[in-house]
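# Coordinates in review
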Amino acid sequence: MRVFVTGVSSGIGRELAIKLLEAGHEVWAIARRTPVLDELPDELLCRSFRFDECDISDSAAMEKAHAKMVSQGFLPDVVILNAAVDLDDEFPGLDYSQGCQMMRTNVDGAYFWITKFIDAFVARGSGQFIAVSSLFAHWPDSASVSYASSKAALTMIMRGLRLRYSTSNLQFKVLYLGPVDTPINPRFTPSEKPPSPIVASANKTAGYIVNMMSRNHNNFYFPLYIFAVFTFLRWLPDSWFELLTKRFKR
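In short, a report on the structure.

Rules and cut-offs
- Residues numbered from 1 in each chain as written.
- Predicted model: local features only at pLDDT ≥ 70, side-chain atom pairs only at ≥ 80, totals over all residues.
- Heavy atoms only, no water.
- Helix = DSSP H or I, 4+ residues; strand = E, 2+ residues; numbered from the N terminus.
- Salt bridge = Lys/Arg side-chain N within 4 Å of Asp/Glu carboxyl O.
- Buried < 20%, exposed > 50% of the residue type's maximum accessible area, 1.4 Å probe, protein only.
- Pairing = 2+ DSSP bridges.
- Right-handed = clockwise from strand over helix to strand, strands pointing away.
- Lys, Arg positive; Asp, Glu negative; His and termini not counted.
- Polar contact = N/O pair within 3.5 Å; in protein donor to acceptor, adjacent residues only side chain to side chain.
- Axes fitted to C-alpha atoms, helices over the stretch in contact; angles between N-to-C directions.
- Contact = heavy atoms within 4.5 Å.

## Quick word on unusual backbone geometry
Of note, the bond from Phe222 into Pro223 is cis; its omega dihedral lies within 30 degrees of zero at -10°. Here Pro223 lies in the loop between β9 (219–222) and α6 (225–232).

See the structure below:
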């Protein structure tokens, strides 16, 4: 399949690009930073992998990247909305610029790519979007209120589109992630020896996303205990959830 992925310079995105290529998929990827990508194994840097340096908080840069795809006749079968930032907007005060940056990247950047591909998916009669969301799409996070808000907004976009296109063959899949060991947030560092059993690796998370592409469910949870959290603890008050997740705060 042809797969378009955002945010592949490091963490889940980088592992995802590698696993997709190893599985024989054709990948077009974008990211803000290129140094980590330069370290990809030579055998993966083939004609099946195309990359553009693109900041998804910059609409002009995204327009340019999309125009390049159109000019080369690239229409993905799967769009994986992986790029995200989790910046420090915690007490004391609230940083407007940091919050706006998170919304531009985590929400506007994802929304842009949905709008660019959805009409073509409808015309073709198939296509799937996979949004990488978070446990914090349901519960707030006092350490980064903007991050939780952005993931809730992204999730609601996907749920709304799922309803709007319910009679079509389009798929709008949401992955609710728990703690993952990636550079996006210092709260999930590999400093623990042995690693915490409740913090997933970027490699395993990427493998799970690849498997999602061939499954027909709408909602996915990783690590698997996150399903239990959503299923049995939805009633949990915000203050209780805050207390239970305190060790993972900044």
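## Here's the deal with the pattern of salt bridges
Taken as a whole and assessed by the stated rule, the structure comprises six salt bridges. Linking Arg2 and Glu26 is a salt bridge whose minimum nitrogen-to-oxygen distance equals 3.3 Å. With Arg2 in strand β1 (residues 2–6) and Glu26 in strand β2 (residues 26–31), this residue pair connects regions lying 24 residues apart in the sequence. Taking the relative accessible area as the measure of exposure, Glu26 reaches 22% and is therefore partly exposed. When the shortest N-O distance is used, the salt bridge between Asp77 and Arg124 registers 3.6 Å. One end of the pair, Asp77, is in the loop between α2 (59–71) and β4 (78–81); the other, Arg124, is in helix α3 (residues 96–124), with 47 residues separating them in the sequence. Asp77 gets classed as partly exposed once you look at its relative accessible area, which sits at 26%. Several salt bridges converge on common partners, so that one network encompasses Arg2, Glu26 and Arg50.

## With respect to the pairing of β2
By the criterion of burial, β2 is predominantly enclosed, with five of the six residues buried. Note: β1 against β2, five bridges, orientation parallel. When the sheet's bridge partners are listed, Val3 is paired in β2 with Val27. What joins β1 to β2 is helix α1 (residues 11–22), and the crossover it makes is right-handed.

## Overview of the side chain of Lys173
In this fold, Lys173 is placed in strand β6 (residues 170–177). Of the buried charged residues, Lys173 lacks a salt bridge, with Asp77 as the closest side chain of opposite charge at 12 Å. Here the side chain of Lys173 touches Gln128 through a polar contact of 2.9 Å, side chain to side chain. Within the structure, the side chain of Lys173 is placed 3.5 Å from the backbone oxygen of Met213, a separation counted as a polar contact.

## So, the environment of Tyr221
By the secondary structure assignment, Tyr221 is in strand β9. Once the C-alpha coordinates of Tyr221 and Leu135 are considered, the two residues, 86 residues apart in sequence, prove to be 8.8 Å apart.

## A closer look at the sheet that holds β2
Strand order in this open sheet of seven strands is β3-β2-β1-β4-β5-β6-β9, and the pairing throughout is parallel. Edge positions in the sheet fall to β3 (49–53) and β9, since each of these pairs with one other strand and no more. Mean inter-strand twist for the sheet, computed between neighbouring axes without regard to direction, equals 15°. Sheet topology note: the β2/β3 ladder contains five bridges and is parallel. Note on β3: the bridge partner recorded for Trp28 is Arg50. Strands in contact with α1 are β1, β2, β3, β4 and β6; relative to β1, the strand with the most contacts, it is inclined by about 170°. Against the sheet, helix α5 (residues 202–212) touches β4, β5 (127–134), β6 and β9, its axis set at about 160° to β9.

## Observations regarding the environment of Leu161
Relative to the assigned elements, Leu161 resides in helix α4 (residues 145–164). Take Leu161: its relative accessible area is 12%, and that puts it in the buried class. In this structure the C-alpha to C-alpha distance between Leu161 and Ile118, which are 43 residues apart in sequence, comes to 10.0 Å. Apart from residues lying up to four places away in sequence, Leu161 is in contact with Ile114, Ile118 and Phe172.

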